[in-house]
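# Residue-level structural notes
The lines below spell out each chain.
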Amino acid sequence: MKRIIIFTIFLFLGCSAISNAAEKNSTYIYPPWKHTWGVVRATPFKLRLFVGGKTHFNNPQGLAAVRLEAWEDTTRTGDDDEITAYGVNSGDNCIIYNRSMLSLGIYGLKKDHEKLNQPWGIAADAKGRVYVADRGNSRVVRLYNQGKELQFESVLGGPGDERGRFIDPRGVALDPQGFVYVTDAALGRVTVFDDDGNVSGVWEDFDGPDGIAVVGSGEKWNFRPQQSFAVVIDSLHRRIRKLSLSGELIAETTTSDWGVEDAFLAYVVIDYHNQILVTDKKNGCLHKLDADLNYITRFGESGSGDYQFDEPRGIAIYRRFGQLIVAERQGAQYLWVAVDVPSFSADIVLNSMWSDLKVAFELTEPAFCEMDILDSFGRFITRISTRRYFPAGSSSISWNMRVPKRQSDKSLYTELPPEYKPGQILPDGSYTVKARFRATYSSRKFYSREVEARFRLGE
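None of these values were measured; they are calculated from a predicted model. (Residues numbered from 1 in each chain as written. Predicted model: local features only at pLDDT ≥ 70, side-chain atom pairs only at ≥ 80, totals over all residues. Heavy atoms only, no water.)

### Things to note about the pairing of strand β6 (residues 119-124)
In terms of burial, β6 is largely enclosed, as six of its six residues are buried. In this structure, β6 lies alongside strand β7 (residues 129-134), joined through four bridges in antiparallel fashion. In the sheet register, P119 faces β7, and the bridge partner there is D134. Linking two consecutive strands that pair antiparallel, namely β6 and β7, is a turn of four residues; a positive phi of about 105 degrees is found at G128 within it. (Buried < 20%, exposed > 50% of the residue type's maximum accessible area, 1.4 Å probe, protein only. Helix = DSSP H or I, 4+ residues; strand = E, 2+ residues; numbered from the N terminus. Pairing = 2+ DSSP bridges.)

### Considering the sheet that holds strand β2 (residues 60-66)
Spatial ordering of the open sheet is given by β2-β3-β4-β5, a layout of four strands whose pairing is antiparallel. Whereas interior strands pair on both sides, the edge strands pair on one side only; in this sheet they are β2 and β5 (104-107). Shown here is a sheet whose adjacent strand axes are inclined to one another by a mean of 20 degrees, direction ignored. One ladder, built from four bridges, connects strand β3 (residues 84-89) with strand β4 (residues 94-98); its direction is antiparallel. Each residue of the ladder has a partner; that of G87, found in β4, is I96. (Axes fitted to C-alpha atoms, helices over the stretch in contact; angles between N-to-C directions.)

### A look at the pattern of salt bridges
Note on pairing: side chains with opposite charge can pair once their charged atoms come close. In this structure the tally under the stated criterion is 30 salt bridges. The shortest N-O distance in the salt bridge between R41 and E328 comes to 3.8 Å. Here E328 lies in strand β25 (residues 323-328) and R41 lies in the loop between α2 (33-36) and α3 (44-51), a separation of 287 residues in the sequence. Across the pair, E328 and R41 agree in class, each one buried. Note that E82 and R67 form a salt bridge whose closest N and O atoms lie 3.6 Å from each other. A residue pair is termed long-range when its members are at least 10 positions apart, and E82 in the loop between β2 and β3 and R67 in the loop between β2 and β3 qualify at 15 residues. As far as burial versus exposure is concerned, E82 and R67 are alike and both buried. Sharing partners across several salt bridges, the network here consists of D125, R129, R142, E153 and D195. (Salt bridge = Lys/Arg side-chain N within 4 Å of Asp/Glu carboxyl O.)

### As for unusual backbone geometry
Positive phi is not limited to glycine here, since N274 has a value of about 65 degrees. Note that N274 resides in the loop between β18 (265-270) and β19 (276-280). Of the residues examined, N274 reaches a relative accessible area of 0% and is grouped as buried. Backbone geometry places M401, a non-glycine residue, at a positive phi of 65 degrees. By secondary structure assignment, the location of M401 is in the loop between β31 (393-399) and β32 (429-439). Given the relative accessible area of 3%, M401 is considered buried.

Functional significance is not addressed by these values, which are geometric in nature.
In structure tokens:
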């Protein structure tokens, strides 16, 4: 049984049955019990149990989640899904992270040059590099995690408006080549550093830039490994801009374009399919866009119940397995990437010589689809889609309504009711199209979004 280490980081309590997600938007779901021992939500009480009075949730901000190379077990071939997560606890000037399966570490409590002052965004990679925007000290601190403990390494920048220095550093991102991208809300720019700490570029003309995310060419867990771009939140936390990694503007969108006039976009992350997830503190939700900044869906609402968020801030995703962490005002939540189907319909399309069945649907996440035809008694007739991949957005399947001579899926071999002749078109009557959609991540083994629609042949 896989173990999900993230519950030791945020000490989650409370769990909803995974099937409950089907009643709401199921783009993201809580993992099943055996993968988290029921732990999906953080609480201040549980944090005190692990760290005593050393720190408490006080204005949580940025998040990062990685699988450390130092944790890799070369003696086994199975999947390793134990990740290290770093959560910025800005009000207490520290970073909370997991040092092992059952222990937490706290960085930033020392009173020397390592002391943080209002830390904000954070980025990390599998090699152990960690960068945190140290707002109060107008710098970025570089840390290193050899597998057990965060250690101070060096500093980027310092107070000032010269090239390579900061007034109000906010967001931090890291690409596979080791380049570090830092937003400065006061200076309206993004500064890019190489792995040696040298300035390699400065992007200008932003309006209060804050959250930033980057996907770089050669990213290990990237559906389109040759794609590379950055996304930046700016313009009073209501705009997202997409840029090349040389700083050229590619596209932009505002919350007004989505029909959301009053919002506070906080942090942003890019998933395995290069889709963009952004937290909205004002509306207690996540907004999801595709790689071209087309709006896909909104997930969650303000509150403290299941699939609700209390001022969501930092967000992190482990792209390989679709593990999602969202920081809140007094804790965090842990979810899996799943899929929702906002619309699903079946219609007869008349052509000049024949008729087809067209099944149209909309997905909030790329998914695999199985689709069956059932008769009015619920008896299986045929499968018209077997684990077929569909992207997020609008898609359709057409079928000529002819019963196949043999099923393409060997597991479905069955004796057909006598009125359904292989090779012939369905007789008149009422039928149901039943579909099951599964996301491309780990959740596909435990959850499917099932939908159905009816259609009729003849009078």
